[in-house]
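Okay, here's what each chain looks like letter by letter:
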Amino acid sequence: MEDWFCSPQLSLSNWEGYELRLEQPIHQILDLLDENDSIGTFFVLGWIAEKRPDLIKEIHRRGHEIASHGYSHRLVYQQTPQQFKEDIQMSKDILEQLIGSKVYGYRAPCFSMTEWALEILIEEGFSYDSSIIPNTYNNLYSKFNLDASVSHSFKIKEELWEIPLPVNRLAGVNFPWGGGGYFRIYPYRYFHLGASRIIGNNGSFVFYIHPYDLDQDQPRIFNTSWANSIRRYYGLGDTYTKIQSLLSDFKCTSISQYYPQIGG
């Protein structure tokens, strides 16, 4: 749960100058979940929670899990351990005060998790992380030596569960299959086939989407590579109907409900 400008390319001090646009797509997602008797996990930026506290309360009131995406959307490996500790403390405190209950989960910005950050998550009272994607070609993602077949929960530390993001291994290459820009780029039937394959092998499939993935009128402000531009902006107008199909074709629940062992 971040907005179109919440990028590591922009410092936090610049965010104030941009329009918040995420409320409409968040309500679209909430309504689709309601229509399909489904619930989700919302990994929320602390900065967003400060700006739209009523929206966070509404998400929680409608039965969805609130988890942390950090406060400032800084890549984990570009922070010092102390900076990271302060960032997740701030986010966790804001979210727990808003919803009146404990936050168990964390997802790193751009899946930038590190080994030392996992230890800090434990220190700060998190029960699970969902930030690791088996090695892929995306240079922003952290590189953990995780087999592509691992798409289910496992204990990454004695006191911390990992809920990895799925990949499909095709022709010896790991292709991200969790959602986001990849969901927009892949034809729906192709995405469905890959998701079904992962579910067949592991019993479950972790899907994610950003609010801006549904916002086809968002400003284009980022000077980025051709490949990253496609990943960021391609297919925005089709996301809503593809999510409709996904929620119709698969049963969806939150991470903490599917894995009750992680709740403390």
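In the block above lies the structure referred to throughout.
Residues numbered from 1 in each chain as written. Predicted model: local features only at pLDDT ≥ 70, side-chain atom pairs only at ≥ 80, totals over all residues. Heavy atoms only, no water.

1. Re empty space enclosed by the protein
The following threshold applies: Buried and open spaces are told apart on a 1 Å grid over the protein atoms alone, a cavity being a set of points where a 1.4 Å probe fits but cannot get out and a pocket being an open set with protein on both sides within 12 Å along at least five of seven lines. Residues with an atom within 4 Å of a point are the lining residues. Grid points are joined across faces, edges and corners, and a volume is the space filled by probe spheres set on the points. The residue classification treats Ala, Val, Leu, Ile, Met, Phe, Trp, Tyr, Cys and Pro as nonpolar and Asp, Glu, Lys and Arg as charged. All others, Gly included, are polar.
In the structure shown here, the tally under the stated rule is one cavity of 30 Å³ or more. Size it by volume and the largest cavity reaches roughly 30 Å³. Lining the largest cavity are 10 residues, and of these Ile133, Pro176, Trp177, Gly178 and Tyr208 sit closest to its centre. Tallied by class, the residues present in the lining of the largest cavity amount to nine nonpolar, one polar and no charged.

2. Regarding helix α10 (residues 239-249)
For an α-helix, the turn length of 3.6 residues means that residues three or four places apart are oriented alike. How we decide: Whether a residue is buried, partly exposed or exposed follows from its accessible area with a 1.4 Å probe, protein chains only, as a fraction of its type maximum: under 20%, in between, or over 50%, in that order. Think of it this way: any DSSP run of H or I at least four residues long counts as a helix, any run of E at least two long counts as a strand, and we number them from the N terminus. Arc, as used here, means the arc of the directions from the helix axis to the C-beta atoms. By the convention used here, residues are in contact when the closest approach between their heavy atoms is within 4.5 Å.
Taken as a whole, α10 has its buried residues at Thr239, Lys242, Ile243, Leu246 and Leu247. Looking straight down α10, one finds its buried side chains confined to an arc of 135°; they lie on one side. Summarising the contacts, the buried residues of α10 are in contact with α2 (23-35), α7 (181-185) and α8 (188-202).

3. Some words on the layout of surface pockets
Considered as a void within the structure, the second largest pocket measures approximately 220 Å³ in volume. In terms of lining, the second largest pocket is formed by Arg21, Gln24, Pro25, Gln28, Leu214, Asp215, Gln216, Asp217, Leu236, Gly237, Thr239 and Tyr240. Residue assignment for the lining of the second largest pocket shows that the elements contributing at least two residues are α2 and α10. Looking at the lining of the second largest pocket residue by residue, the class counts come to four nonpolar, five polar and three charged.

4. Topic: the nonpolar core
Let me state the cut-off plainly: To form a nonpolar core, buried Ala, Val, Leu, Ile, Met, Phe, Trp, Tyr and Cys residues must be joined to one another through side-chain atoms within 4.5 Å.
Met1, Phe42, Ile56, Tyr106 and Leu121 are the most contacted members of the largest nonpolar core, which totals 72 residues. Among the elements that line this core, the one with the most residues is helix α5 (residues 81-99), at six residues.

5. With respect to the packing of α2 against helix α4 (residues 53-61)
Note the cut-off: Axis definition: a line fitted to C-alpha atoms, limited for helices to the stretch in contact. Angles are taken between N-to-C directions and run from 0 to 180 degrees. Angular relationships are summarised with four words: roughly parallel below 35 degrees, roughly antiparallel beyond 145, roughly perpendicular across 65 to 115, and oblique for the angles in between.
α4 packs onto α2 with a crossing angle of 5° between their chain directions and a minimal axis gap of 12 Å. Comparing the axis directions of α2 and α4 gives the class roughly parallel. Every residue of α4 that contacts α2 at Glu23, Ile26, His27 and Leu30 is listed here: Leu55, Glu58 and Ile59. Residues of the contact of α2 with α4, tallied by class, amount to four nonpolar, one polar and two charged.

Without other data, these values stay purely geometric and don't point to any function.
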